[in-house]
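As a plain string of letters, each chain reads:
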Amino acid sequence: GGHSYLKEALDAALKERGGRGAAGPRALDVGAGAGVSTEVLYKLGYHKIDALDWSGSAWQRYVVDDPTGYCPPGVTFYELDDERYLDQWRMNYYEGVNNFKQQQQAGGLLFDVIVFNFAVNESKAKLFARELLDKSHGRLLAPINTMNDYW
């Protein structure tokens, strides 16, 4: 299921970005925890990944402190919850969009795939998809929580 879906988004990204320099397919890994999902994405071919989790302790323990842990250069970990990350992302993105020279760069901030590792409500999933995904081929993978009063 999930893997082929992610692979399709990857193939589309590679095809479209082919001539667009070293940007490479980008993934956003929300609720990355100890980095298990991040590693799956990386092995699939997403070599630019923003991994985030409101707590950095698992990442610190299994990726940073563990002698067998490894974080490739294209992977950046943010100790932020999804809403703070979104605020930060918007600032960078709209700064780029408003500054004509950086418009292409702003496009490079969009993601080819977004993975939520926890149940989110549908409106949040849609918000992330609408704002952060590449419009032509981006995919979002999330367990949807059907209870609207989840938080």
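Residues numbered from 1 in each chain as written. Predicted model: local features only at pLDDT ≥ 70, side-chain atom pairs only at ≥ 80, totals over all residues. Heavy atoms only, no water.

J.: Explain the pairing of strand S2 (residues 48-52) to me, and be specific about the residues and the numbers.
T.: Counting buried positions along S2 gives 4 out of 5 residues, so the element sits mostly inside the fold. Here strand S1 (residues 26-30) pairs with S2 via 5 bridges, running parallel. Note that in S2 the partner of Val-30 across the bridge is Leu-52. For the handedness criterion, the β-α-β arrangement of S1, helix H2 (residues 36-44) and S2 is classed as right-handed. Taken together, the 4 bridges between S2 and strand S3 (residues 75-78) define a ladder with parallel strand orientation. By the bridge assignment, Leu-52 is partnered in S3 with Tyr-78. For the segment spanning S2, helix H3 (residues 57-65) and S3, crossover handedness is right-handed. (Buried < 20%, exposed > 50% of the residue type's maximum accessible area, 1.4 Å probe, protein only. Helix = DSSP H or I, 4+ residues; strand = E, 2+ residues; numbered from the N terminus. Pairing = 2+ DSSP bridges. Right-handed = clockwise from strand over helix to strand, strands pointing away.)

J.: Could you give me a rundown of the confidence of the model for the protein chain, with the residues and numbers involved?
T.: In this model, the protein chain carries a mean pLDDT of 87, and residues with pLDDT of at least 70 account for 88%. Mean pLDDT across the elements of the protein chain ranges from a minimum in helix H5 (residues 103-107), with 72, to a maximum in S3, with 97. (pLDDT = per-residue confidence, 0-100.)

J.: Give me the sheet that holds strand S6 (residues 139-141): which residues, what numbers.
T.: With respect to topology, 5 strands assemble into an open sheet ordered S3-S2-S1-S4-S6, the strand pairing being parallel. For this open sheet the edge positions go to S3 and S6, each flanked by a neighbour on one side alone. If you compare each strand with its neighbour and ignore which way they point, the axes differ by 15° on average. Where S1 and strand S4 (residues 113-116) come together, 4 bridges link them in parallel fashion. Its bridge partner lying in S4, Val-30 is registered against Phe-116. (Axes fitted to C-alpha atoms, helices over the stretch in contact; angles between N-to-C directions.)

J.: Provide a residue-level description of helix H4 (residues 82-98), including the pertinent values.
T.: Over its 17 residues, H4 runs 24 Å from end to end, which matches the ideal 24 Å to within 8%, given 1.5 Å per residue. Inspection of H4 places Asp-82, Tyr-85, Leu-86, Trp-89, Tyr-93 and Gly-96 among the buried residues, and these make up the whole buried set. Buried residues along H4 cover an arc of 95° about the axis, so they all sit on one side. Turned more than 90 degrees away from the buried face of H4, the exposed residues are Arg-84, Met-91, Glu-95 and Asn-98. If you check the start of H4, you find a side-chain oxygen 3.1 Å away from the backbone N of Glu-83, and it comes from Asp-81. (Expected span 1.5 Å × (residues − 1). Arc of directions from axis to C-beta. Polar contact = N/O pair within 3.5 Å; in protein donor to acceptor, adjacent residues only side chain to side chain.)

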